[in-house]
Amino acid sequence: MRFDIITLFPPIFAGYLTQSLLAKAIDRGLVEIHIHDLREWSTDLKHHKIDDRPYGGGPGMLICVPPVVHCVEAVQQMSEQPGVVVVMTPQGDRLDQRRVEHMARFDRMILLCGRYEGFDQRVIDILNPIELSVGDYVLNGGEVASMVVVDSTVRMIPGVLGDEKSSWDDSFSRGNRYLESPQYTRPPEFRGHSVPEVLLSGDHQRIADWRTAEATKKTRLRRNDLFKSEGG
Ligand code: 6GU
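Remember, it's a predicted structure, so these values are computed and weren't measured experimentally. (Residues numbered from 1 in each chain as written. Predicted model: local features only at pLDDT ≥ 70, side-chain atom pairs only at ≥ 80, totals over all residues. Heavy atoms only, no water.)

A closer look at the pattern of salt bridges
Then, in step 1: Tallying each qualifying case throughout the model produces 10 salt bridges.
Then, in step 2: The salt bridge involving Asp4 is made with Arg108; its shortest N-O contact spans 2.9 Å. Of this pair, Asp4 sits in strand β1 (residues 2–7) while Arg108 sits in strand β6 (residues 108–113); the two residues are 104 residues apart in sequence, bridging distant segments of the chain.
Then, in step 3: One salt bridge in this structure joins Asp225 and Arg223, with 2.8 Å as the shortest N-O distance.
Then, in step 4: By relative accessible area, which is 37% here, Asp225 ends up partly exposed.
Then, in step 5: By relative accessible area, which is 31% here, Arg223 ends up partly exposed.
Then, in step 6: One salt-bridge network, held together by shared partners, links Arg2, Asp4, Glu32 and Arg108. (Salt bridge = Lys/Arg side-chain N within 4 Å of Asp/Glu carboxyl O. Helix = DSSP H or I, 4+ residues; strand = E, 2+ residues; numbered from the N terminus. Buried < 20%, exposed > 50% of the residue type's maximum accessible area, 1.4 Å probe, protein only.)

Overview of the layout of surface pockets
Then, in step 1: Within this model, the second largest pocket holds a volume of roughly 460 Å³.
Then, in step 2: Only β5 (84–94), α5 (121–127), β7 (130–133) and α6 (142–154) provide two or more residues apiece to the lining of the second largest pocket.
Then, in step 3: A breakdown of the residues in the lining of the second largest pocket according to their chemical character gives 12 nonpolar, 10 polar and three charged. (1 Å grid on protein atoms, 1.4 Å probe; cavity = no way out; pocket = protein on both sides within 12 Å on 5 of 7 lines; lining within 4 Å. Points joined across faces, edges and corners; volume = space filled by probe spheres on them. Nonpolar A, V, L, I, M, F, W, Y, C, P; charged D, E, K, R; others polar.)

Thoughts on the sheet that holds β5
Then, in step 1: What the five strands build is an open sheet, ordered β2-β1-β6-β5-β7; its pairing is parallel. Single-partner strands in this sheet number two, and they are β2 (32–37) and β7. For this sheet, the mean angle separating the axes of adjacent strands, direction not counted, is 30°.
Then, in step 2: Two elements, β5 and β6, share five bridges in a ladder whose sense is parallel. In the sheet register, Met88 faces β6, and the bridge partner there is Cys113. (Pairing = 2+ DSSP bridges. Axes fitted to C-alpha atoms, helices over the stretch in contact; angles between N-to-C directions.)

Printed below as a string of structure tokens:
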């Protein structure tokens, strides 16, 4: 799967791309990520300005339409495979695991990271992108949100996780609508806190029943809404 990320702050991505699971997926050729600096498509050759004040007044600055459209068109040309254009914005559809699993089937995504007060509306009207938000709170820009999209999508690509089963078992994945039960590893006791006896019993049926009961209890307590959205 190929990701093209368009941003005003390319250095934000350096650490993220070179660590852990994502770095391994890139090494193994399962994922390609290309970062593009929107400022390079500025029509203002002197200051590489890409934003301006909103018509009609109001606070802050907007990202102008010409550099964004030129950049997306140029980036589309960089691969034969057309990319699905995704604009990261708090006004977008809220990302959830169902959406992630749908997007994991795309061959290529072009992620546009907003800054300031967002984009000129004509960016949306011309590019007709998917608009995505990662939750009901405001971030300083779409960069962190785009990493959320890459991170959650990549782990659904077959072969990316070592153990195929592990993403299936996760909370919110297709196989599971419950939060996870508590987990423990060594030592068996620390500062008076012991591992539940059942987990040391070796009785697989009892362990499975205990985990189901704990997961159900935690979900009911913390996220009762998950029981009501079975279709989700
Ligand atoms: Cl995609 N962008 C910004 N700036 N804030 C957000 C968001 C995106 N999703 C949630 N909050």
